Amino acid sequence: RAKIHNRSRYTYFTRDLGVEIRERVRMMHALRAAFEKDRLFIVYQPQVNMRTGNTVGAEALLRWKTEEGDFVPPDQFIPIAEYSGLIVNIGEWVLRTACFEWATLSKHTDTNFKIAVNVSQAQFSHPLFLRSVERALADSGIPADCLELEITESMAMNDPDALIESIAKLKAIGVRVSIDDFGTGFSSLSHLQKLRVDKLKIDRSFVNQMIRVNNDASIARMIIELSQSLKIDIIAEGVETQAQAELLISFGCDYAQGFHYSKPQTKNDLIIWLTNS
Ligand code: C2E
Ligand code: MG
Ligand code: MG
Ligand code: MG
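Criteria and thresholds
- Residues numbered from 1 in each chain as written.
- Chains lettered and ligands numbered in written order.
- Predicted model: local features only at pLDDT ≥ 70, side-chain atom pairs only at ≥ 80, totals over all residues.
- Heavy atoms only, no water.
- Helix = DSSP H or I, 4+ residues; strand = E, 2+ residues; numbered from the N terminus.
- Expected span 1.5 Å × (residues − 1).
- Buried < 20%, exposed > 50% of the residue type's maximum accessible area, 1.4 Å probe, protein only.
- Arc of directions from axis to C-beta.
- Contact = heavy atoms within 4.5 Å.
- Axes fitted to C-alpha atoms, helices over the stretch in contact; angles between N-to-C directions.
- Parallel < 35°, antiparallel > 145°, perpendicular 65-115°, else oblique.
- Left-handed = near helix turned anticlockwise from the far one by under 90°.
- Donors = N, O, S within 2.8 Å, 3.2 Å for Na, K, Ca; no water.
- Pairing = 2+ DSSP bridges.
- Lys, Arg positive; Asp, Glu negative; His and termini not counted.
- Salt bridge = Lys/Arg side-chain N within 4 Å of Asp/Glu carboxyl O.

**Some thoughts on helix 5 (residues 129-140)**
Reasoning step 1: Relative to the 16 Å expected for twelve residues at 1.5 Å per residue, helix 5 spans 16 Å between its end C-alpha atoms, a close match to the ideal helical length.
Reasoning step 2: Buried within helix 5 we find F129, S132, V133, A136, L137 and S140. Projected down its long axis, helix 5 carries its buried residues within an arc of 140°, all on one side. Opposite its buried face, helix 5 presents the exposed residues R131 and A138, each directed more than 90 degrees away.
Reasoning step 3: Elements in contact with the buried residues of helix 5: helix 3 (86-106), helix 4 (121-124), strand 5 (147-152) and helix 7 (160-172).
Reasoning step 4: G141 sits one or two positions beyond helix 5 and adopts a positive phi of about 80°.

Below you can see the structure in the form of structure tokens.
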């Protein structure tokens, strides 16, 4: 009886794995086709000064709407884009599009409006990445310091020296670099100091935890204090309530992104938002 049980579990397992692989391959082909047919687009989430209410920038976030009209979440398709190598071309398209759209967006705001673009590991470590950033700047006319490249903390762990060097080269051309989802990747503090990034983005799990989960604001507070002592800019991700905003301000963090202010919006909606705010 035990044998039969084991065998059926084994069969179930292999069939399940087969389904998963086939599904991934299907998604990869669909993603490539969507990219080629211009079915990917970008939405922008405002980055707000919580004290003044001013929108100081926006993060470009990739969206995929299938021919059936369904949205596939980035957390599902970005890993597939990374795994298949598609991310290099898709990422370059996001970078260029965001840089070109900056010209339109910045006309509707009087601040030194910044565009943040997420960059994957494969893209960042690609030998032609620096050149593609330079080209995007030159072709679009966006000032270098209005472009912010978001990398994740876990990227910092793979090859620290190579990362330090890549960041230094980007900073030499005037582009800003920020660490996304900060606090989730356990990079060491001495390493963080060596990276010389411009900005930390407090991961939304810590913002959430401040009030909702167990009133634990210790990590958010510690990250804010860390940014102050290292003189790095700080922004909180995933701010959903006024209470979170007030607590963050009281800790010395003035900037935020989150549903409390705005969900990611199409470029045209963002223009209306900028005009009205
Ligand atoms: P991320 O870069 O950390 O982006 C922030 C994510 O948090 C976005 O999810 C945004 O919609 C969501 N968010 C913002 N405010 C709130 C809030 O108040 N509450 C909650 N619950 N969520 C909030 P999204 O757009 O689904 O993107 C997920 C992730 O996919 C991004 O996380 C980023 O890692 C990746 N991604 C998106 N676009 C790109 C891209 O162009 N290139 C690369 N490499 N990755 C991308
Ligand atoms: Mg990001
Ligand atoms: Mg994030
Ligand atoms: Mg993320």
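Picking up where we left off.
**Let's talk about helix 12 (residues 267-276)**
It helps to recall that an α-helix has 3.6 residues per turn; residues three or four apart then point in one direction.
Reasoning step 1: If you check which residues of helix 12 are buried, you get L270, I271 and L274. Burial along helix 12 is one-sided: seen end-on, the buried residues are contained in an arc of 105°. Of the residues in helix 12, the exposed ones pointing more than 90 degrees away from the buried face are N268, T275 and N276.

**What to know about the packing of helix 3 against helix 5**
Reasoning step 1: In the contact formed by helix 3 and helix 5, the axes pass within 9 Å of each other and the chain directions differ by 25°. When the axes of helix 3 and helix 5 are compared, the pair comes out roughly parallel. Note that helix 3 runs across helix 5; the crossing there is right-handed. Contacts between helix 3 and helix 5 pair E92, L95, R96, C99 and F100 from the former with S132, V133, R135, A136, D139 and S140 from the latter.

**Observations concerning the coordination of the magnesium ion (ligand 2)**
Reasoning step 1: Looking at the magnesium ion (ligand 2), one finds its protein donor set to be E59 (OE), N118 (OD1), E150 (OE) and D180 (OD), positioned 2.0 to 2.2 Å from the metal centre.
Reasoning step 2: Counting along the primary sequence, the residues that act as donors to the magnesium ion (ligand 2) give the motif E-x58-N-x31-E-x29-D.

**Considerations on the pairing of strand 5**
Reasoning step 1: Across the six residues of strand 5, five count as buried, placing the element largely inside the fold.
Reasoning step 2: Of the strand pairs in this sheet, strand 4 (residues 114-118) and strand 5 are connected by four bridges, and their pairing is parallel. Looking across to strand 5, one finds that N118 is bridged to E150.

**Regarding the side chain of K114**
Reasoning step 1: Following the sequence through the fold, K114 ends up in strand 4.
Reasoning step 2: This buried residue, K114, is left without a salt bridge; D145 holds the nearest opposite charge, at 5.3 Å.
Reasoning step 3: The residues contacting K114, other than those within four sequence positions of it, are V56, G57, A58, D145, C146, E148 and R176.

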